[in-house]
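Below are the chains, spelled out letter by letter.
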Amino acid sequence: MATKKSSKKKSAKKTAKSAKKSVKRTRSRTETPLMTSDERRKLVKAHDGYDDLIEEVVRKWSNDTALKVPGLSPAKLTKLLRDAERAKKKEAELRAALERKLGASYDARLRAEHDAWRAVLDVNAAVKLFARRDGALAERFAFLTDALTAKSAGDERKEE
């Protein structure tokens, strides 16, 4: 029986050790707080093709040791470009995933709005048809005619 006790103790120790090893250690990443629209507006916007321009600057600057910029070097500029490209790639991947997830919902909403609006236009057409015989009907649905007329007038002004 003494052997059984010692084997139980050994297996218990092994289990405890393996449990400690299997615990995943995750980095605690602090999420960058979102910028306000005012903060985003104040940021300097890069030109199209800025990456090619930065690469050319780094090539020229690496060969010209006379140029000194405090707190900046060709290597740091290359790192900043690499960080920007990595962020752009991540944004594109997330945007594509989001579009895949939202695509069906977006299409369903567009179809539902189309059906609802088409039905309102059909009601308006019926009101116009029956209003010739029933003036009270036209008065009760005058708000609809006004709303659709105001909407149409606004659309025509935008085109001009």
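Nothing here was measured: the structure is a model prediction, and the numbers come from that model.

## Brief notes about the overall build of the protein
Moving on, step 1. Check the secondary structure of the protein and you find six helices and zero strands.
Moving on, step 2. Across the protein, the fraction of contacts at a sequence separation of at least 24, relative to all contacts at a separation of at least 6, is 31%.

## Focus: helix α4 (residues 74–131)
Moving on, step 1. Where α4 bends most, the angle comes to about 45 degrees, and this point is Leu 102.
Moving on, step 2. Along α4, the residues classified as buried are Leu 77, Leu 81, Asn 124 and Val 127.

## What about the packing of helix α3 (residues 50–63) against α4?
Moving on, step 1. Following both chains from N to C, one finds α3 and α4 inclined at 165 degrees, their axes separated by 9 Å at the closest point. The angle between the axes of α3 and α4 places the two elements in the roughly antiparallel class. Every pair of crossing elements has a handedness; the one defined by α3 and α4 is left-handed. Of the residues in α4, those in contact with Tyr 50, Asp 51, Ile 54, Glu 55, Val 57, Val 58, Trp 61 and Ser 62 of α3 are Pro 74, Leu 77, Thr 78, Leu 81, Ala 84 and Glu 85.
Moving on, step 2. Looking at the contact of α3 with α4, its residues break down into nine nonpolar, two polar and three charged.

## Overview of the pattern of salt bridges
Moving on, step 1. Scanning the entire structure with this criterion turns up eight salt bridges.
Moving on, step 2. Taken together, the shared-partner salt bridges in this structure form one network comprising Asp 38, Arg 41 and Lys 42.

## What to know about the packing of aromatic side chains
Moving on, step 1. A complete count under the given rule lists one aromatic pair for this structure.
Moving on, step 2. Note on Phe 141 and Phe 143: the rings are 6.1 Å apart at their centroids and 25 degrees apart in plane angle, and the pair reads as stacked.

The rules behind the values
- Residues numbered from 1 in each chain as written.
- Predicted model: local features only at pLDDT ≥ 70, side-chain atom pairs only at ≥ 80, totals over all residues.
- Heavy atoms only, no water.
- Helix = DSSP H or I, 4+ residues; strand = E, 2+ residues; numbered from the N terminus.
- Contact = heavy atoms within 4.5 Å.
- Bend = angle between axes of the 7 residues up to and from the residue.
- Buried < 20%, exposed > 50% of the residue type's maximum accessible area, 1.4 Å probe, protein only.
- Axes fitted to C-alpha atoms, helices over the stretch in contact; angles between N-to-C directions.
- Parallel < 35°, antiparallel > 145°, perpendicular 65-115°, else oblique.
- Left-handed = near helix turned anticlockwise from the far one by under 90°.
- Nonpolar A, V, L, I, M, F, W, Y, C, P; charged D, E, K, R; others polar.
- Salt bridge = Lys/Arg side-chain N within 4 Å of Asp/Glu carboxyl O.
- Phe/Tyr/Trp six-rings, centres within 6.5 Å; stacked < 30°, edge-to-face > 60°.

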